[in-house]
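Structural features, examined
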Amino acid sequence: MRSVLFDHIAIAVPRLTDAAAVLAGELGGRSTFGMTTDDYRFWHWRYEGGGDLEALEPAGADGFLHRFIARRGPGIHHVTFRVPSLAEACDRARTHGYSIVGYDDSDPEWSEAFLHPKQAQGIVVQFAETNTDRAVVPPSHEAPSRPKPADARGSASPIKVLGLRLSARSRERAHTQWGTVVQGERADGGAGTLVYRWPGSFLRIVVEIDPTRDEGPLYIEYSSWRAVPLSDDPHPVLGAVFKRQPADQE
């Protein structure tokens, strides 16, 4: 029986080529899959162990990514979970008080729906039901220019993308979303955090509980075997914050 999988973390950026220079050229991600639509262009890079980052560039004159970047600048936009049944995942979310937006099952190879960030603790959550292998790059889609990674060790990328850390106002809210609706397996982390994992997925969700702080993504967690050009400040191109984790927290 198939289970829910944490597929990737998506970052909205003004220009995909600028993101490629960082995600591939500086951080050594391996180009895996992408596509251009009327509203946006996206591409994926995979890192050592299987962590996956997606960059999204707006297309056309207006759209949701134009509005996101105009309001917030570049940054973390959504997380995607592959689900065995899109209908069941949406029913489960509705049962727990979530509204479903953007439901689209017109493509037999990729059906999707979303939880809105106003309800989903400050981040877009995408459910996707798919039977395709998106690790294969279709020949009709050209990857953004990929500079050579500096100081790469063999074929391994210099970083491991471990997952996403977020803030929630209560343990109950966090567990309803990431445990019950998205079906992650919970463990208690350090300093009162909650850690959610999905068997078969490399990525994890770590939730800090703080009733006084706005809910939403805090930073992308990574580990590395060498120095990389990432500080604890928002990245000037990607907008997202990356924070290095000790090896014993992988």
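All of these numbers come straight from a predicted model, not from anything done at the bench.

A separate point is the overall build of the protein. Within the protein, the regular secondary structure consists of 4 helices and 14 strands. Per-residue burial over the protein gives 49% buried out of 250 residues. Contacts spanning at least 24 positions in sequence make up 63% of the contacts within the protein whose residues lie at least 6 apart. Carbon together with sulfur atoms contributes 49% to the accessible area of the protein, which is approximately 11,700 Å² in total.

All right, on to unusual backbone geometry then. Here Gln121, not a glycine, exhibits a phi torsion of approximately 55°, which is positive. Inspection of the secondary structure assignment puts Gln121 in the loop between strand S7 (110-115) and strand S8 (124-130). Assessed through its relative accessible area of 3%, Gln121 is described here as buried.

Taken residue by residue, the protein gives an average pLDDT of 90. The fraction at 70 or more is 88%. Here residues 147-154 is a poorly scored stretch, pLDDT under 50, and it has 14 contacts once near neighbours within four places are set aside; other chains count.

For the rest of this paragraph, the subject is the sheet that holds strand S12 (residues 204-209). As summarised here, the arrangement of the 6 strands in space is S10-S11-S12-S9-S13-S14, forming an open sheet in which the pairing is mixed. Either end of the sheet is taken by a strand with one partner, and the two such strands are strand S10 (185-188) and strand S14 (242-244). Strand-to-strand twist across the sheet, computed as the mean angle between neighbouring axes with direction ignored, equals 30°. Where strand S9 (residues 159-168) meets strand S13 (residues 216-224), 8 bridges bridge the pair, whose relative direction is antiparallel. Of the residues in S13, the one forming a bridge with Ser167 is Gly216. Strands S9, S10, strand S11 (194-197) and S12 of the sheet are contacted by helix H4 (residues 171-181), whose axis makes an angle of about 5° with S11.

Take the side chain of Ser111 next. Relative to the helices and strands, Ser111 resides in strand S7. A distance of 3.4 Å separates a polar atom in the side chain of Ser111 from the backbone oxygen of Asp107. Not counting the four nearest positions on each side in its chain, Ser111 is found in contact with Leu86, Asp104, Asp105, Phe127, Ala128 and Glu129.

Of the residues making up H4, those classed as buried are Ala174, Gln177, Trp178, Gly179 and Val181. Taken from the residues just after H4, Gln183 is the one with a positive phi, measuring 65°.

Turning to the pattern of salt bridges, a few remarks are in order. Evaluation of the coordinates by the stated rule reveals 12 salt bridges. Between Arg171 and Asp188 there is a salt bridge, with the nearest N and O atoms lying 3.2 Å from each other. One end of the pair, Arg171, is in helix H4; the other, Asp188, is in strand S10, with 17 residues separating them in the sequence. For Asp188, a relative accessible area of 60% puts it in the exposed group.

Counting residues in hydrophobic clusters, the biggest one holds 55 residues, and the most contacted among them are Phe81, Phe127, Trp178 and Ile220. Here the element with the most residues in this core is helix H1 (residues 16-26); it accounts for 6 residues. If we skip the residues at most four places from it in the chain, Ile220 touches Ile9, Ile11, Leu53, Ile76, Val161, Gly163, Leu164, Ala240, Val241, Phe242 and Lys243. If you look at the next biggest cluster of nonpolar residues, it comprises 8 residues, including Ala12, Phe33, Leu56 and Ile69.

Scanning the model with the defined rule gives 7 aromatic pairs in all. On the basis of an interplanar angle of 20° and a centroid distance of 4.7 Å, the ring pair of Phe6 and Phe81 is categorised as stacked. One end of the pair, Phe6, is in strand S1 (residues 5-12); the other, Phe81, is in strand S5 (residues 75-82), and 75 residues separate them in sequence. Taking the relative accessible area as the measure of exposure, Phe6 reaches 4% and is therefore buried. On the accessibility criterion, Phe81 (0% relative accessible area) is buried. Ring centres 5.8 Å apart and planes at 45° place the aromatic pair Phe33 and Phe42 in the tilted group. According to the relative accessible area criterion, Phe42 is buried, its value standing at 10%.

Parameters and conventions
Residues numbered from 1 in each chain as written. Predicted model: local features only at pLDDT ≥ 70, side-chain atom pairs only at ≥ 80, totals over all residues. Heavy atoms only, no water. Helix = DSSP H or I, 4+ residues; strand = E, 2+ residues; numbered from the N terminus. Buried < 20%, exposed > 50% of the residue type's maximum accessible area, 1.4 Å probe, protein only. Contact = heavy atoms within 4.5 Å. Areas by Shrake-Rupley, 256 points an atom, 1.4 Å probe, with all protein chains shown as cover. pLDDT = per-residue confidence, 0-100. Pairing = 2+ DSSP bridges. Axes fitted to C-alpha atoms, helices over the stretch in contact; angles between N-to-C directions. Polar contact = N/O pair within 3.5 Å; in protein donor to acceptor, adjacent residues only side chain to side chain. Salt bridge = Lys/Arg side-chain N within 4 Å of Asp/Glu carboxyl O. Core = buried A, V, L, I, M, F, W, Y, C linked by side-chain atoms within 4.5 Å. Phe/Tyr/Trp six-rings, centres within 6.5 Å; stacked < 30°, edge-to-face > 60°.

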